[in-house]
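The residues making up each chain are set out below.
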Amino acid sequence: MADSAHPYAKKTETKSKSRSRKRRIVDVVLPQRVRDLVPESRAYMELVEIERHLDMTVMRKHLEMQEAVKKPTKVKRKLRLFISHTFSPGRLEADEAEAMMPHFDLHIEGRLLDDERMPVGRARRKFTSFFKRVIVELDKAKYGPDQHLVEWAHSLERSESDGFSIRRFGEESTKCIICFFLDYQPEHATLEPALARLLGIHTATRPAILSALWQYVKTHKLQDPSERQFLNFDKCLEQIFEVPRAKFSDLPTLLNAHVHTPDPVVIHYDIVNDPTEQRKQMCYDVEVDVDDPLRQSMSNVLMSISSQQEIVGIVSKIHETVDQINQIKTRREFFAQYAKEPQDFISQWLISQSQDLQVMQDTVGNPDGERKAEFYCKPWTQDAVCRYFYRKIQSRRAELEQALGMRS
């Protein structure tokens, strides 16, 4: 308890507490003097170096995950379509309300394959959410111009489902064409065959198409060396765009003439009134774009704060421990110097404390030196006395002149 009573020790503790009340940006590296005194601290320093490399890696991965989350990453998945039908014979009843005409029901359903790979707790995407609309075209000769087309359109007001059914009256077999218009998010466009073969893509977003075209330009060095804003097309591009050169800013306009809305997925299906055929279910696989499940997992990792709080608590304890070690080191140096030369150390310490006190109180001059007689026996004192009396005489003369002026 004796060491804690020293003002110097109290001053050190006060500074340490003020630092700890702030953000604690104290370096976790132990001073060289402590490492010399405690050889076991080398293991701690090795851990600090490992932690530094680990922090750099974690920070880099954290930034990479942030960039990946910002980008709308899509992955290809298989959407399996199930198409089937059922025929129901007519039923005659005495009550006309309960009577039923012969009819068939066309069932269109679907689901993503490998749904078990979806993250736990994430809602499974419904079949109807993949399409803008679905058009079913029946035989116009049998069902007339008003009944041969059936269109299902996606609506935000309608809840998503895993399929739907279409009913038409009749008991004859017929053929139908089912067109599925995919709902691309963001919007996609399809390239003309010649441009698609040249760029190696068929259906993609407009920015992706423009990026592929720019990559082709860079690969074949088609940029004009003197006028960098112009592109000199090769034979392939000149045949497609029908111009020998163009500005880079004109590429989107040129592309508009060679891209169009993606074609629908077309399926031809036979509706046969046969009990054996009704038990069959036709399956078709369609490739669709879905959000990368890893993107949601990365978002959860970035938003998770439980592990970070635990790490922050451990780092806080490390900082407190290093602060305590530094305080103990300061006390040890204080008493080691005191034990070596007590008188000189106390004199120097008092001078240091006096200087600190003057700085804190904003004191001018040297009060300790002014108390001694030697301070006034120096050569400058004679000049100072002359200057003092001269200022006194001038001040008195000014007072007398002012008094005489007032009387007159």
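So, here's what we can say about the structure.

## Considering the environment of S173
Within the secondary structure, S173 is located in the loop between β5 (163-169) and β6 (174-182). C-alpha of S173 to C-alpha of D274: the two residues are 101 residues apart in sequence and 8.5 Å apart in space. Reaching out from S173, the side chain makes a polar contact with the backbone nitrogen of N273 at a distance of 2.8 Å.

## Description of the environment of T73
By the secondary structure assignment, T73 is in the loop between α3 (41-70) and β1 (74-88). Since its relative accessible area comes to 28%, T73 is described here as partly exposed. For T73 and R295, which are 222 residues apart along the polypeptide, the C-alpha to C-alpha distance reads 7.4 Å. T73 has contacts with A68, V290, D291, D292 and R295, leaving out every residue within four places of it along the chain.

## A few points about the packing of aromatic side chains
Overall, the coordinates contain 12 aromatic pairs when judged by the stated rule. Consider the rings of F87 and F104, whose centres lie 5.6 Å apart with planes at 50°: the pair is tilted. Placement of F87 in strand β1 and of F104 in strand β2 (residues 103-112) is noted, with a sequence separation of 17 residues between them. Residue classification places F87 among the buried positions, given a relative accessible area of 11%. For the ring pair Y388 and F389, a centre distance of 5.6 Å and an interplane angle of 70° mean the geometry is edge-to-face. Owing to a relative accessible area of 42%, Y388 belongs among the partly exposed residues under this scheme. Following the ring pairs from residue to residue traces out a cluster consisting of F334, F335, Y338, F345 and W349. Sitting over the face of the ring of F230, R245 holds its NZ or CZ atom 4.2 Å from the ring centroid.

## Here we look at the nonpolar core
Core analysis: the largest hydrophobic core is formed by 30 residues, its most contacted members being L106, F131, V136, I178 and F180. Excluding its chain neighbours within four sequence positions, the residues that come into contact with V136 are L106, I108, H148, L149, V150, I166, C176, I177 and I178. If you look at the next biggest cluster of nonpolar residues, it comprises 22 residues, including A204, A212, L213 and V217.

## Regarding unusual backbone geometry
The step from Q185 to P186 runs through a cis peptide bond, and the omega angle for that step is 0°. Phi at K221 is positive, roughly 55°, even though this residue is not glycine. Accessibility expressed as a relative area gives 73% for K221, which makes it exposed. Positive phi outside glycine occurs at E242, with the angle close to 65°. Residue placement: E242 occurs in the loop between α7 (235-241) and β10 (245-247). What makes E242 exposed here is its relative accessible area of 68%.

## As for the sheet that holds β5
Taken in spatial order, the four strands of this open sheet run β5-β2-β1-β13, and their pairing is antiparallel. A single partner strand is all that each edge strand has here, and the edge strands are β5 and β13 (282-291). Shown here is a sheet whose adjacent strand axes are inclined to one another by a mean of 20°, direction ignored. Across 10 bridges, the pairing between β1 and β13 is antiparallel. From the neighbouring strand, V75 faces β13, where its bridge partner is V290.

The rules we used
Residues numbered from 1 in each chain as written. Predicted model: local features only at pLDDT ≥ 70, side-chain atom pairs only at ≥ 80, totals over all residues. Heavy atoms only, no water. Helix = DSSP H or I, 4+ residues; strand = E, 2+ residues; numbered from the N terminus. Polar contact = N/O pair within 3.5 Å; in protein donor to acceptor, adjacent residues only side chain to side chain. Buried < 20%, exposed > 50% of the residue type's maximum accessible area, 1.4 Å probe, protein only. Contact = heavy atoms within 4.5 Å. Phe/Tyr/Trp six-rings, centres within 6.5 Å; stacked < 30°, edge-to-face > 60°. Lys NZ or Arg CZ within 6 Å of the ring centre and 35° of its normal. Core = buried A, V, L, I, M, F, W, Y, C linked by side-chain atoms within 4.5 Å. Pairing = 2+ DSSP bridges. Axes fitted to C-alpha atoms, helices over the stretch in contact; angles between N-to-C directions.

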